[in-house]
Amino acid sequence: MVRIPRGSSARTLLHALLLLAAASTLGCASTRDQRGAYLDVIRADQRPPLVGTRAAADSLYGPSEECERGDGIAESHRAGLQALVQRFAPTLVLPQGDDIHIHGRKAQLLPIHPLLFADTLRLDRVRAAPYQLKDFQDLPFRGLSLDSLSDLVELGLRSQSDPELLEVWYFNFPGAKPREWWKAYARFRTGPDSAAWGQPTVFAHPFLDERNRVVVQYWYFYPMNDYIADHAGDWEHINVVLNAGRSGIEEVHYFFHARSVNLPQGKHRPEVTDGTHPVVHVGGRAYMVLDYPIRLFGGDRNSGSHGNFPYPGEWEAVAGLGHTESVSGSHHDSTRIIPYGRFRVVLTPEPSRIDYRRKPEVLREWAWLLLPVRWGFPSAPSMGSHVLAADVGNRAPFGPAFNAGWNRAGPGLTYPGYRVRRIPAVRSYVEDLLQPWYYLYAFRHPRYVHDTRGALSRTDLERLGFVPRSGWAERGIGSTILGVSVGYPRNGFADLYGSSTGISLWRNFWAKARFGGVEFLGGYQRFPRTEGVGGSLFVYPITANFVLRAPEALFRPYAVAGAGPSGWESRVRVPNSNAQLVSSGWGLGWTTGVGVEYYLRPRVAFDLAVRYMDTPGPGGAGMGGDRLHFLTLWAGHYVRF
């Protein structure tokens, strides 16, 4: 057993840790860079506080002095609380693809007991100035003596730090990326502790909310997260709010990423089996543009965010970088359904009530809950973190008692509410066709979106950032880069030139920038010459327009009118030659038009418009003067900020 000597200061204790050469490896210069790589995107002094409890906790757990185990649960209340949390334990439907094949059978990634993961506690010491890794220490966490565990907890719960050094504590999982994590997981599922690794476990923590209702939090620990933002160690939870008689479910709060859904909500109700057991659909696959490249080149699966959702389907704007998450139903796959009766349900105490000074043996079971330790390498490398050199969800989480959701209902701190609205199937399919970036994943249903309307005014929604700014504060960019523009010559222009159909950058490109009621439009259209041996005419107007818009709604009609400089370039082929006659010019043009924006998302609209253009052009040649008249049909997208 390794014992950490007691001391009066963090420096004394950590100095003692460095002397434990038999139980650890001292960092050397050649390994510091790799181990301290996370310091580029994480600050060592950022540590959340241990979340406290309400004064009424005694009415739930009983007087602390009546507890014999030291965990703060009175023996007279223990059996009743255990029966209560068993009665409302959820059933989980795990995601597709979050598994590994071992000897011809599929082993699903399961929520487990965290002590299986907490083999070695890693302590990194970081200089405050200059900010860099100094040295590090590895401790055999499961082999520490009770005195050492007690000293470690005392040190971890202090808010005071050394003026010269900071500490980062974390448990680690073998490997540095998902491919290596899966290999390690396969070893654990077939090793000497395979039974424990195959036992689904949930930690049930009851508390009283501000209305004195009993809320049971069910916390799940997954050893890794193979998603866009990869990280080892993953804590997720839901809340089950009981009715006044504690005999049934009043509400269920689902938490996923940085969102929460409270049900009942309108016509949406929680899915419950056998009367008291919510069904939770675990996310999910990351459907977005980089999905297949990440799978192909990065070796990631992008399946298994482990967020807890009320229904299977496509959940928009819930995951990292605002992309859609696909949550799969069971599809009668029994290997992905973990019924409530299969779980080991662990009654989880209130950390502030754990009396480890009087009963130090309680730390064998609950030291991990009290320690401000990250569950996994602090910031694992992932595709998202390479694109943005910052936290994109790939930081290892702290334990549940340091989570902003502990002892709190949803929505709340770091978990804003997601107001569920289900999009009808036909509308969903139409919108998929209008969003080319969805073509690889078109026609998936049901689809859920965040309904930001609610009971708040438009001003409040804009202030909170749920919808884009409107009126004179509106900012937006529109383009045909993922759309089509068709030009129709009018009057004498049509005698020599035919209509022009442009897709993306082929034969056309139009873009607009809108600032309040003023819009700037620019681009070009290439018209083919139908007379003689051929040629083409390019027009490229640039106009400043006034915009008249309808009120904010799903469909928003608008009208524009304005003027500005307009250029043209004529290319006419010379008969019996490869040569062309080229001429060009500039002048003043004007435009007017009408259109409608169909909002696929709060900030993204499909933009359909018809514009009439009057621009300068080459004179004579039967065109009826030196003015060009043509219509353009615009079909593109408009993004607001």
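Residues numbered from 1 in each chain as written. Predicted model: local features only at pLDDT ≥ 70, side-chain atom pairs only at ≥ 80, totals over all residues. Heavy atoms only, no water.

## So, the overall build of the protein chain
For the protein chain, the helix and strand inventory stands at 13 helices and 31 strands. When its C-alpha atoms are laid out on the principal axes, the protein chain stretches across 100 × 60 × 50 Å. Counting only carbon and sulfur atoms, one obtains 57% of the accessible surface of the protein chain, whose full area is about 27,300 Å². Taking the 70 positively charged and 59 negatively charged side chains of the protein chain as two groups, their mean positions are separated by 3 Å. (Helix = DSSP H or I, 4+ residues; strand = E, 2+ residues; numbered from the N terminus. Areas by Shrake-Rupley, 256 points an atom, 1.4 Å probe, with all protein chains shown as cover. Lys, Arg positive; Asp, Glu negative; His and termini not counted. Charge placed at Lys NZ, Arg CZ, Asp CG, Glu CD.)

## Side note on the pattern of salt bridges
Working definition: two side chains of opposite charge can pair if their charged atoms are close together. By the definition in use, this model includes 43 salt bridges. Here Asp-138 makes a salt bridge to Arg-35, at a shortest N to O gap of 3.0 Å. With Asp-138 in strand E5 (residues 131-140) and Arg-35 in helix H2 (residues 29-35), this pair connects stretches of sequence that are 103 residues apart. Salt-bridge contacts for Glu-569 lead to Arg-571; the nearest nitrogen and oxygen are separated by 2.7 Å. (Salt bridge = Lys/Arg side-chain N within 4 Å of Asp/Glu carboxyl O.)

## A short note on the confidence of the model for the protein chain
Chain-level statistics for the protein chain give a pLDDT mean of 89 and a share of 91% at 70 or above. Ignoring residues within four places in sequence, the model shows residues 5-32, a span with pLDDT below 50, making 47 contacts including any to other chains. (pLDDT = per-residue confidence, 0-100. Contact = heavy atoms within 4.5 Å.)

## Some words on the nonpolar core
Ranked by size, the top nonpolar core spans 99 residues in total, and within it Leu-92, Leu-121, Phe-141, Tyr-218, Trp-315 and Trp-375 carry the most contacts. With eight residues, the single largest contributor to this core is strand E8 (residues 214-225). Setting aside residues up to four positions removed in sequence, Leu-121 forms contacts with Gln-137, Asp-138, Leu-139, Phe-141, Leu-152, Trp-169, Tyr-170, Phe-171 and Val-373. Tyr-497, Trp-510, Leu-537 and Val-539 belong to the second-largest nonpolar core, a separate cluster that totals 17 residues. (Core = buried A, V, L, I, M, F, W, Y, C linked by side-chain atoms within 4.5 Å. Buried < 20%, exposed > 50% of the residue type's maximum accessible area, 1.4 Å probe, protein only.)

## A short note on the environment of Phe-203
Mapped onto the elements, Phe-203 comes out in strand E7 (residues 201-208). Distance from Phe-203 to Ala-473, taken between C-alpha atoms, is 48 Å for residues 270 residues apart in sequence. With near-sequence residues (within four places) excluded, Phe-203 lies in contact with Ile-112, His-113, Pro-114, Gln-217, Tyr-218, Trp-219, Trp-235, Val-346, Thr-348, Trp-366 and Trp-368.

## Looking at the environment of Leu-631
Structurally, the position occupied by Leu-631 is in strand E31 (residues 627-640). Taking the relative accessible area as the measure of exposure, Leu-631 reaches 27% and is therefore partly exposed. Put simply, Leu-631 and Lys-267 are 364 residues apart on the chain and 46 Å apart in space, counted from C-alpha to C-alpha. With near-sequence residues (within four places) excluded, Leu-631 lies in contact with Val-486, Gly-487, Tyr-488, Arg-490, Val-610, Arg-611 and Tyr-612.

## Some points on the packing of aromatic side chains
Counting across every chain of the model gives 42 aromatic pairs. Relative to Trp-197, the ring of Tyr-185 lies with its centre 6.2 Å away and its plane at 75 degrees, an arrangement referred to as edge-to-face. One end of the pair, Tyr-185, is in helix H6 (residues 178-190); the other, Trp-197, is in helix H7 (residues 194-197), and 12 residues separate them in sequence. Residue classification places Trp-197 among the buried positions, given a relative accessible area of 2%. For the pair Phe-515 and Phe-520, a centre-to-centre distance of 6.4 Å together with 65 degrees between the ring planes defines the contact as edge-to-face. Taking the relative accessible area as the measure of exposure, Phe-515 reaches 41% and is therefore partly exposed. Relative accessible area serves as the criterion here: at 43%, Phe-520 is assigned to the partly exposed category. Across from the ring centre of Trp-182, 4.2 Å away, lies the NZ or CZ of Arg-301, which sits over that ring. (Phe/Tyr/Trp six-rings, centres within 6.5 Å; stacked < 30°, edge-to-face > 60°. Lys NZ or Arg CZ within 6 Å of the ring centre and 35° of its normal.)

## Observations concerning the sheet that holds E5
A sheet is described by the order of its strands in space; here four strands give the open sequence E5-E4-E6-E20, paired in mixed fashion. The open sheet has two free edges, formed respectively by E5 and strand E20 (374-375), since each of these has just one partner strand. Pairing of strand E4 (residues 120-128) with E5 involves nine bridges; the strand directions are antiparallel. From the neighbouring strand, Arg-122 faces E5, where its bridge partner is Asp-138. (Pairing = 2+ DSSP bridges.)

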